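For reference, the chains in residue letters:
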Amino acid sequence: MARACGKIILLGEHAVVYGFPAIAAGIERGAEARAWPSTASRLVVGDHTARPDDGSELGRAYRALLEALDVHDVAVEVSLELPPGCGLGASASVAVATARAVLQATGASEPDQARLLAAAQAWEGIFHGNPSGIDATTAALGGCLRFVRGRGAEPLCLGQALAIAVAIAGPPASTRAMVEAVARLRKTRPSHVEDIFQGIARLVDRAREPLASGAFDLLGQLMDQNQDFLVELGVSTPAMDEACADARKAGALGAKLTGSGGGGAIIALVEPPVEPVLSAWKARGLACFVTVVSAPSAP
Ligand code: MEV
């Protein structure tokens, strides 16, 4: 059995596609995979079965992953603990868990992180077009990390574990479509979008200290400001904005969408008790849960 975690983005989605820094964290829910040698290569994810040569998106992603690992003739079964297309890194967690299981089944002695990431990134490219790599990297490493495209991840120390409430505030959205929408806006209003990205990067820089010290009031404010930028980019939705407002009213320190937006998940930084935030969302009929991010503390 092999596992990989899902992810949330605390700060920096979309800007990260263009080389600006972002902060992400692994969450307990993710994917679990089992693989075994088989001449009938296939991948089963829940109700979906794909073969490397069947032409489906899942089949093409599986094929890209196997080619990157230089492995043939393997069957994989995956159970996914996250809703797909909701900004929680479901696709990357399936990719990393699958790659880990395939390497185990084919007797790879050392889990080679670079190979694993290359395989997960090849998979993500099929689904998302031009992903930054933040989802695959977080699924592989977990913890809380600062990520810059092309430069990889730096683990961040947390002064205190982060309690994050997650709500599904709308139907799934296509990451590819949302990234393309931002690319179009960037083409028509380059300096406006550049200012937004620079603003988001400043929030990321300011987050290091409150993460390390546990000053989560400030971290919550940075998340709120990031959400304002995401609204300006046009990737939030009224339902996501309302769910963020509900969370803040119920005592959350900050709230924002996570991932590409257009629907899917929002996150709220909470301090116990978390029930008021969850109750506010449940009153709106939103599915929600709490996840805790712990990471090595400062030496
Ligand atoms: C997706 O989780 C986050 C985006 O920034 C896309 C990417 O980084 O590839 C929207």
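An account of the accompanying structure is given in this report.

**What about the pattern of salt bridges?**
This model, assessed by the stated rule, comprises 11 salt bridges. Of the charged contacts, one joins Glu13 and Lys256 as a salt bridge, the two residues approaching to 2.8 Å between their closest N and O atoms. On the criterion of sequence distance, the pair formed by Glu13 in the loop between β1 (2-11) and β2 (22-37) and Lys256 in strand β9 (residues 254-257) is long-range, its members being 243 residues apart. Classification of Glu13 as buried rests on a relative accessible area of 2%. Look at Lys256 and you get buried, because its relative accessible area is 0%. For Asp224, the salt bridge goes to Arg248, with nearest N and O atoms at 2.7 Å.

**Quick notes on the nonpolar core**
Among the nonpolar cores identified, the biggest contains 65 residues, and Leu10, Leu162, Leu211 and Trp281 are the most heavily contacted of them. Sorting elements by how many residues they give to this core places helix α6 (residues 190-213) first, with 9 residues. Viewed by domain, this core spans two of them, domain 1 (2-155) and domain 2 (162-293), each represented by three or more residues. With residues near it in sequence (within four places) discarded, Leu211 still touches Leu10, Ile23, Cys144, Leu156, Cys157, Leu158, Gly159, Leu162, Phe216 and Leu219. One finds Ala31, Ala64, Val74 and Ala120 within the second-largest nonpolar core, a separate group that totals 37 residues.

**Focus: the layout of surface pockets**
Of the volumes computed, that of the largest pocket is approximately 760 Å³. Taken together, 40 residues make up the lining of the largest pocket; nearest its centre are Gly85, Ser91, Phe127, His128 and Thr175. Only β1, α2 (90-105), α3 (113-128), α4 (134-141) and α5 (175-188) provide two or more residues apiece to the lining of the largest pocket. At 5 residues, the largest contribution of residues to the lining of the largest pocket is made by α3. Structurally, the lining of the largest pocket is a two-domain feature, drawing no fewer than three residues from each of domain 1 (2-155) and domain 2 (162-293). Here the second largest pocket defines a volume of roughly 170 Å³. For the second largest pocket, the full set of lining residues is Ala40, Ser41, Arg51, Pro52, Asp53, Arg63, Leu66, Glu67, Val71, His72 and Asp73. Of the residues belonging to the lining of the second largest pocket, the class tally is 4 nonpolar, 2 polar and 5 charged.

The rules behind these values
Along each chain, the written sequence defines residue order, and numbers are assigned to residues from 1. Thresholds applied to this predicted model are a pLDDT of at least 70 for local features of residues and 80 or more for the giving and counting of side-chain atom pairs; totals over whole chains, interfaces and linings are not thresholded and use all residues. Side-chain descriptors were evaluated using all non-hydrogen atoms of the structure, hydrogens and water having been removed beforehand. Within this document, salt bridges are pairs made up of a side-chain nitrogen of Lys or Arg and a carboxyl oxygen of Asp or Glu, the two lying within 4 Å of each other. Counting from the N terminus, the helices are DSSP H or I runs at least four residues long and the strands are E runs at least two residues long. Note on exposure labels: buried denotes an accessible area under 20% of the residue type's maximum, exposed denotes more than 50%, and partly exposed covers the range between, all computed with a 1.4 Å probe on protein chains only. We define the nonpolar core as a collection of buried residues of types Ala, Val, Leu, Ile, Met, Phe, Trp, Tyr and Cys that are connected through side-chain atoms lying within 4.5 Å of one another. Domain start and end points were adopted from an automatic or database domain assignment. In this description, contact between two residues means that some pair of their heavy atoms is separated by no more than 4.5 Å. Cavities and pockets are defined on a 1 Å grid built over the protein atoms alone: a cavity is a set of grid points where a 1.4 Å probe fits but cannot escape, while a pocket is an open set with protein on both sides within 12 Å along at least five of seven lines, and lining residues are those with an atom within 4 Å of any such point. Grid points are joined across faces, edges and corners, and a volume is the space filled by probe spheres set on the points. Note on residue categories: nonpolar means Ala, Val, Leu, Ile, Met, Phe, Trp, Tyr, Cys or Pro, charged means Asp, Glu, Lys or Arg, and polar means any other residue, Gly included.

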